[in-house]
Each structure stands twice: as C-alpha cells, then as structure tokens.
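# Breakdown of the fold
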Number of protein chains: 2
Amino acid sequence: MKSTLTVSAVQQPCDEDRQTNLDFSIEKIHEAAAKNADLVVLPELHLGPYFCQSEDYNNFDLAQTIPGPTTAILSDVAKELDIVIVSTIFEKRAPGLYHNTAVVFDKDGSIAGKYRKMHIPDDPGFYEKYYFTPGDLGFKPIETSIGKLGVLVCWDQWYPEAARLMALAGAEMLIYPTAIGWDPEDTPVEQQRQLDAWVTIQRSHAVANGIPVISCNRIGFEQAPDLATGINFWGNSFIAGPQGEIIISANDSETKLLCCTIDSARVERVRQIWPFLRDRRIDEYGDLTRRFID
Amino acid sequence: MKSTLTVSAVQQPCDEDRQTNLDFSIEKIHEAAAKNADLVVLPELHLGPYFCQSEDYNNFDLAQTIPGPTTAILSDVAKELDIVIVSTIFEKRAPGLYHNTAVVFDKDGSIAGKYRKMHIPDDPGFYEKYYFTPGDLGFKPIETSIGKLGVLVCWDQWYPEAARLMALAGAEMLIYPTAIGWDPEDTPVEQQRQLDAWVTIQRSHAVANGIPVISCNRIGFEQAPDLATGINFWGNSFIAGPQGEIIISANDSETKLLCCTIDSARVERVRQIWPFLRDRRIDEYGDLTRRFID
C-alpha cells in the first residue's frame with residue numbers, strides 16, 4: 001500500500017434513468033480525482049433502482065456481461081483520471097446464471113479483478129436469492145496498483161467471517177458497496193437500531209482486523225413495483241480507520257463525495273499494538289465450517 | 001431461556017484487600033437478587049488487583065483450585081440468593097499449570113460449568129502469556145437453569161470467531177468478564193478510540209449473532225509494581241440487546257450494578273428478521289483455520 005492513500009466514496013441516489021445515474025457517478029469520480037483520490041467507490045448496483053424489491057424475470061434484462069458496456073465506460077474513466085474505481089454490476093455470466101458482482105478498475109483502465117457477492121440475502125423487499133447466484137470466486141482480495149482491496153458487497157457486511165478471510169488473504173482495506181434502507185413501516189426506534197447495527201458491524205471489521213473500512217450506500221426512497229411499500233435507503237456511508245474510528249461520514253439523505261486520507265504507517269502500528277492475528281485459536285476454529293452444532 | 005430474564009453485572013474496583021473486594025461483590029450480588037436478577041456477572045479476576053502488569057512468579061500463589069475456597073463461598077451465595085453467578089478465577093490446575101477461568105454457579109449453588117480463557121494476550125502491562133495456559137475446553141456454552149451462557153473472557157472479546165462458535169453451539173447470550181484500561185501515557189484521543197473500539201467489537205458480536213451481550217469491566221487506577229506506570233481501568237460495562245443496542249451502561253469510574261431485562265421473544269424475532277446464520281458460506285470458510293494465507 002502507498003504510504004498515504006486518498007480514498008473516496010460516492011453516496012448518491014440511483015433513479016430510473018440509468019444514463020443519468022452513471023453520468024452523475026462519473027461527475028463525482030471527476031470530483032474525486034480533482035481531490036487527488038487514488039480510489040473511488042460507488043454504491044452497490046448503482047446503475048439504477050434496486051430492482052430486487054420484487055421477483056420479475058424481466059429484470060434479468062438489466063444484467064450485463066463483464067467486460068461489457070458499463071465496464072467499458074468505467075474503464076475509460078479510470079484510465080483518463082488515473083484512479084481506481086470500485087463498481088458493482090448485475091452480471092450476466094450465462095443465460096440463467098447471474099451474479100451481483102463488484103468490479104475493480106485499476107488506474108490504467110484494466111479490470112484488476114472482480115468479486116461475486118458470496119452471501120445472498122432474501123427478505124421481504126430484498127429478493128436477491130431470486131436474481132443472484134451465490135459467488136464462486138471466494139474471499140480473495142483484488143490486487144491493484146494501490147494495494148490489495150478486500151471488496152465485499154452489502155449482505156457480506158454482516159459476516160465477520162468474510163472480513164477475516166479477506167484480512168487473512170492480505171487485504172489492506174475492506175470495501176462494502178451496499179444498498180440498504182428502512183422499511184417505512186418500522187418505528188423510528190427500530191430504524192435507528194438497524195442503522196446503528198449496520199454501522200457497528202462494519203466498524204467492528206476494521207477493529208477485528210486492524211484495517212480501514214469504506215462503506216458506500218445509496219440514498220433516496222424507491223417505491224416497490226406493487227406501490228404498497230418501498231425502501232428508504234439510509235445513506236450513512238462512511239470511511240473508518242483501523243480502530244473502527246469514523247474518519248468521514250454522510251447523513252441519511254445527502255448526496256456526498258466522501259474523501260479522506262489513510263496513513264498506512266498508522267494502520268500497521270495499530271496492528272502491532274493490538275496483534276489479534278497472533279493469538280487466533282486456529283486449533284479450535286474448525287467448527288466455523290458447520291451450519292450449527294446440534 | 002426464560003421468556004423474560006433479568007440480568008446484571010457488577011462494575012467495581014478490585015483493590016489490594018481481597019476479602020474486601022469479595023465482600024463488596026457479594027453485597028452487590030445481594031442487591032442484584034433484591035432486584036430479582038436471574039444472573040449476575042463479576043469482572044474478570046475480581047478478587048484483587050490485575051497482577052499481570054508484571055511477570056513475578058510469586059503471583060502464582062494467588063491461584064486457587066476449582067472447586068476451591070472462593071468457589072465454595074460463591075456457591076453458597078448463589079444457592080442462598082437463587083441466582084446464577086459468573087465469576088473469574090486464577091485457576092491452579094496443577095503445579096506449573098494455571099488458567100484464567102470463568103466459573104458459572106447455577107441457582108442451586110452447583111458449578112454449572114467453567115470456561116478457560118482461550119485467547120491469551122501479551123502486551124506491555126498485560127503479561128498474561130506468562131501466567132495463563134491457553135484454555136483447552138473449547139468454545140462451549142455453559143448450560144444453566146436459565147439458558148445456555150456463552151461465557152468468554154476479556155481478550156476473547158476481540159475475536160468474532162469466539163462469539164460465533166458460542167452462538168453456533170447454542171449460546172443464548174454472550175458474557176465477557178473483562179479487565180481492560182488505558183495506558184495513562186496515551187493521548188485522550190487515542191484512549192477514546194480504544195474505548196470506542198472495545199464497545200464496538202462487543203456490540204458487533206450481538207449484531208452478528210442476534211444475541212444479547214453482557215460486558216463487565218473493573219474500574220480504578222492500579223499502579224504497576226515498578227511504580228513507573230499503571231493501568232486506568234476504564235469501566236464502561238454494558239448490557240446490549242440482540243441488535244447490539246445498549247440497554248444499560250456505566251461510565252468510566254463509577255461503581256455500579258447494571259441490571260435490566262431481556263425479552264427472549266424479541267431476541268428470537270430479531271434472529272428471524274436478520275437470519276444471518278441461514279446464509280453463512282460454510283463451504284468457503286475453511287481458511288479460517290489458517291494462520292495467514294501467504
């Protein structure tokens with residue numbers, strides 16, 4: 001990792017007009033580059049509305065190959081601006097085989113690697129198991145010119161196992177493009193608990209592994225196709241340091257480019273002060289591969 | 001688990017006079033029982049000062065067998081007050097073989113089980129590897145009349161693996177007796193980061209596993225034997241619900257009995273709403289038993 005890295009994330013709405021969304025993202029990437037950012041992260045599936053609110057096979061038409069039309073555009077942007085970009089795309093791998101896939105573009109415009117979302121949720125309003133085949137690329141950091149990036153996607157953020165495996169494989173930061181929000185029917189108290197839990201679990205991955213975390217969420221209310229309900233995407237994107245300390249964050253409704261620097265020497269020092277990897281009881285962790293211990 | 005459980009924790013100083021400390025703990029256990037608590041947790045190694053600030057073989061004389069003199073006393077208290085007690089004792093298992101061991105007394109005064117601290121720290125001021133052999137009882141919840149208790153000790157709290165293994169084995173709550181504090185030479189900003197990280201990682205275990213967490217720390221400044229330094233134990237004991245929400249907490253210097261109720265129906269509902277165990281990628285977690293993936 002470079003000794004000082006400038007990292008950024010784009011908190012934005014993802015509306016019906018896919019071209020407008022992508023144009024807006026690119027505008028923000030330019031803004032990040034103007035701030036000398038080495039890296040910019042876009043929200044999960046940033047091209048359009050979160051289509052998983054219903055199960056509709058017409059939505060499979062939204063999927064793209066990788067490489068494909070969107071990666072071609074972002075590849076050019078990465079090269080032009082000399083910046084690493086993390087995008088998430090509804091990937092068409094083969095007819096009837098789709099993934100929720102993060103793509104990392106290196107500064108030269110090449111695709112440095114991709115990560116297919118491993119943990120797939122399925123809850124009312126989040127019917128992802130219908131659309132996305134669970135990832136089969138494992139928990140492998142993506143090597144780039146600025147370091148090894150532990151890219152994970154949304155639901156993965158609730159799993160300490162995913163963060164740990166990325167750290168064990170040498171990830172120098174964790175990156176979570178995400179699309180998460182409130183059910184408007186939940187009480188404000190419940191909504192606050194959910195948001196706090198979401199921030200807490202991601203900060204904890206920074207703490208447990210002694211590495212920075214970038215979490216990038218969308219904003220805006222998106223009506224479900226049945227018009228009966230919808231999701232109020234809660235924003236609150238943030239960048240945390242290796243002790244889980246929030247360096248910069250956004251609120252629940254603002255469009256914002258988050259941008260800050262990471263001091264790699266401090267990251268390493270934190271891992272020396274709290275040497276958690278040293279004391280892991282790997283001799284007693286075997287049952288982590290069990291579903292439950294009945 | 002009972003449908004409503006009243007749980008409590010004693011935040012207290014642990015001074016030179018071991019009898020005074022134990023008497024004070026027992027006084028607080030009486031107070032908890034008067035509040036109809038089903039469970040009370042004492043801080044890690046609550047009998048006296050945190051002796052691991054130096055490596056001194058004379059300290060091995062502080063160790064006791066289990067059962068032994070202290071367990072006999074706490075056993076009587078548990079039975080008299082019809083309350084489950086979680087204590088932590090410097091265990092003498094055999095000459096030259098010592099552990100940092102949590103003991104759980106059931107309401108009938110019996111020893112329901114014990115847990116030997118699995119992850120052993122060793123940092124300046126916390127020379128635990130000198131005193132404590134790493135636990136060999138695994139991550140097994142202790143069965144009691146009020147449910148299965150996932151008892152872990154201090155340094156374990158930084159390891160998501162430990163919390164997960166307890167949850168997979170059916171733990172209905174996580175309990176962390178602890179002794180952690182600040183190095184007075186650290187800046188206030190660094191001290192705050194450390195405290196926040198400690199709260200965050202433990203709350204995250206509640207979130208990741210959908211179960212309550214009780215964390216019980218000591219308070220007070222304890223001088224190191226060389227008089228050059230010491231540890232300012234930071235208190236901040238807390239009880240959190242299954243979304244990591246803090247139900248009750250203490251500050252960094254007050255003696256306090258924390259006491260609150262846990263609604264087991266809500267705990268189960270939270271685990272239905274966020275069914276993380278359902279989606280674990282156990283087929284891809286094998287590398288968690290590796291030290292590092294070089």
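This one's a predicted model, so the numbers in the text were calculated from it and none came from an experiment.

Here the structure, examined in full by the defined rule, presents 34 salt bridges over all chains. Where K129(A) meets D279(B), a salt bridge forms, and the shortest distance between an N and an O atom there is 2.7 Å. One end of the pair, K129(A), is in helix α3 (residues 128-131); the other, D279(B), is in the segment after α6 (264-273), on a second chain. Exposure remark for K129(A): the relative accessible area of 38% places this residue in the partly exposed category.

Residue and element names in this part refer to chain B. Read across the open sheet, the six strands follow the order β5-β4-β3-β2-β1-β15; overall the sheet is mixed. Either end of the sheet is taken by a strand with one partner, and the two such strands are β5 (111-116) and β15 (256-263). When strand polarity is set aside, the average angle formed by the axes of neighbouring strands in this sheet is 30 degrees. Alignment of strand β4 (residues 97-105) against β5, held across five bridges, turns out to be antiparallel. Counted as the bridge partner of A102 is Y115 from β5. Each of β1 (4-11), β2 (39-41), β3 (84-94) and β15 touches helix α1 (residues 18-34); the most contacted strand, β15, lies at about 35 degrees to it.

Turning next to the relation of the copies chain B and chain A. Two copies of one chain are present, and they are related through a rotation about an axis combined with an axial shift. The transform that puts chain B on chain A rotates by 180 degrees and translates by 0.0 Å along the axis, for an RMSD of 0.0 Å. This pairing of chains is accounted for by a two-fold axis. A symmetric contact is evident, with 100% of the interface residues of chain B recurring at the interface of chain A.

A few words now on empty space enclosed by the protein. Under the defined criterion, the tally for this structure stands at three cavities of 30 Å³ or more. Of the voids in this model, the largest cavity is the one considered here, and its volume is about 80 Å³. What lines the largest cavity is R18(A), L45(A), L47(A), G48(A), P49(A), F51(A), L62(A), Q64(A), T88(A), I89(A) and F90(A). In terms of residues, the lining of the largest cavity owes the most to one element, strand β3 (residues 84-94) of chain A, which gives three residues. Class assignment for the residues of the lining of the largest cavity results in seven nonpolar, three polar and one charged. In this structure, the second largest cavity occupies an estimated 60 Å³ of space. Around the second largest cavity sit P160(A), E161(A), R164(A), L288(A), P160(B), E161(B), R164(B) and L288(B), which together line it. Of all elements in the fold, only α4 (160-168) of chain A together with α4 (160-168) of chain B reach the threshold of two or more residues within the lining of the second largest cavity.

The next thing to look at is the packing of aromatic side chains. Within the structure shown, the criterion is met by 48 aromatic pairs over all chains. Each ring, one from W155(A) and one from Y159(A), has its centre 6.4 Å from the other, and the planes form 65 degrees; the classification is edge-to-face. For Y159(A), a relative accessible area of 0% corresponds to the buried category. Aromatic pair F60(B) and Y130(B): ring centres 5.5 Å apart, planes at 45 degrees, arrangement tilted.

A contiguous patch of negative charge, built from D15(A), E16(A), D17(A), D23(A) and E27(A), is present on the exposed surface. Looking at the secondary structure, you find E27(A) in helix α1 (residues 18-34).

Side chains three or four residues apart in an α-helix point the same way, a direct result of the helix having 3.6 residues per turn. Across the nine residues of α4(B), nine count as buried, placing the element largely inside the fold. Taken residue by residue, α4(B) has P160(B), E161(B), A162(B), A163(B), R164(B), L165(B), M166(B), A167(B) and L168(B) as its buried positions. Each element contacted by the buried residues of α4(B) is listed here: α4 and α5 (188-209) of chain A together with β5, β7 (147-151), β8 (173-178) and α5 (188-209) of chain B.

For the rest of this paragraph, the subject is the confidence of the model for chain A. Looking at chain A, pLDDT values average 97 and 100% of them are 70 or higher. Complex prediction metrics read pTM 0.97 and ipTM 0.97.

Residues and elements named next belong to chain B. The topology assignment puts H30 in helix α1. Each C-alpha atom of the pair H30 and I83 lies 9.4 Å from the other, and the pair is 53 residues apart in sequence. Apart from residues lying up to four places away in sequence, H30 is in contact with E80 and L81.

Residues and elements named next belong to chain A. Strand order in this open sheet of six strands is β6-β7-β8-β10-β13-β14, and the pairing throughout is mixed. Of all the strands in the sheet, just β6 (142-144) and β14 (246-249) have a single pairing partner and so form its edges. Each strand axis lies, on average, 20 degrees off the axis of its neighbour in the sheet, ignoring direction. Where strand β8 (residues 173-178) lies against strand β10 (residues 213-217), five bridges are found, and the strand directions are parallel. Looking at β10, one finds that Y176 is bridged to S215. Lying on the sheet, α5 is in contact with β8, β10, β13 (238-240) and β14; it crosses β10 at an angle near 150 degrees.

Contact residues are listed per partner, giving 56 residues for chain B and 56 residues for chain A. Looking only at chain B, the three residues that lose the most surface to chain A are R281(B), L288(B) and R291(B), adding up to 12% of its buried area. Viewed at the interface, chain A and chain B are joined by six salt bridges. Residue E161(A) pairs with R164(B) through a salt bridge whose shortest N-O separation is 2.6 Å. For the side of chain B that touches chain A, the elements supplying multiple residues, two or more each, are α4, α5 and α6 of chain B.

Parameters at a glance
- Residues numbered from 1 in each chain as written.
- Chains lettered and ligands numbered in written order.
- Predicted model: local features only at pLDDT ≥ 70, side-chain atom pairs only at ≥ 80, totals over all residues.
- Heavy atoms only, no water.
- Salt bridge = Lys/Arg side-chain N within 4 Å of Asp/Glu carboxyl O.
- Helix = DSSP H or I, 4+ residues; strand = E, 2+ residues; numbered from the N terminus.
- Buried < 20%, exposed > 50% of the residue type's maximum accessible area, 1.4 Å probe, protein only.
- Pairing = 2+ DSSP bridges.
- Axes fitted to C-alpha atoms, helices over the stretch in contact; angles between N-to-C directions.
- Contact = heavy atoms within 4.5 Å.
- Least-squares fit on C-alpha atoms with pLDDT ≥ 70 in both.
- 1 Å grid on protein atoms, 1.4 Å probe; cavity = no way out; pocket = protein on both sides within 12 Å on 5 of 7 lines; lining within 4 Å.
- Points joined across faces, edges and corners; volume = space filled by probe spheres on them.
- Nonpolar A, V, L, I, M, F, W, Y, C, P; charged D, E, K, R; others polar.
- Phe/Tyr/Trp six-rings, centres within 6.5 Å; stacked < 30°, edge-to-face > 60°.
- Patch = residues over 30% accessible without salt bridge, like charges linked within 9 Å, V, L, I, M, F, W, Y side chains within 5 Å.
- Areas by Shrake-Rupley, 256 points an atom, 1.4 Å probe, with all protein chains shown as cover.
- Lys, Arg positive; Asp, Glu negative; His and termini not counted.
- Charge placed at Lys NZ, Arg CZ, Asp CG, Glu CD.
- pLDDT = per-residue confidence, 0-100.
- Buried area = accessible area lost by both parts, 1.4 Å probe.

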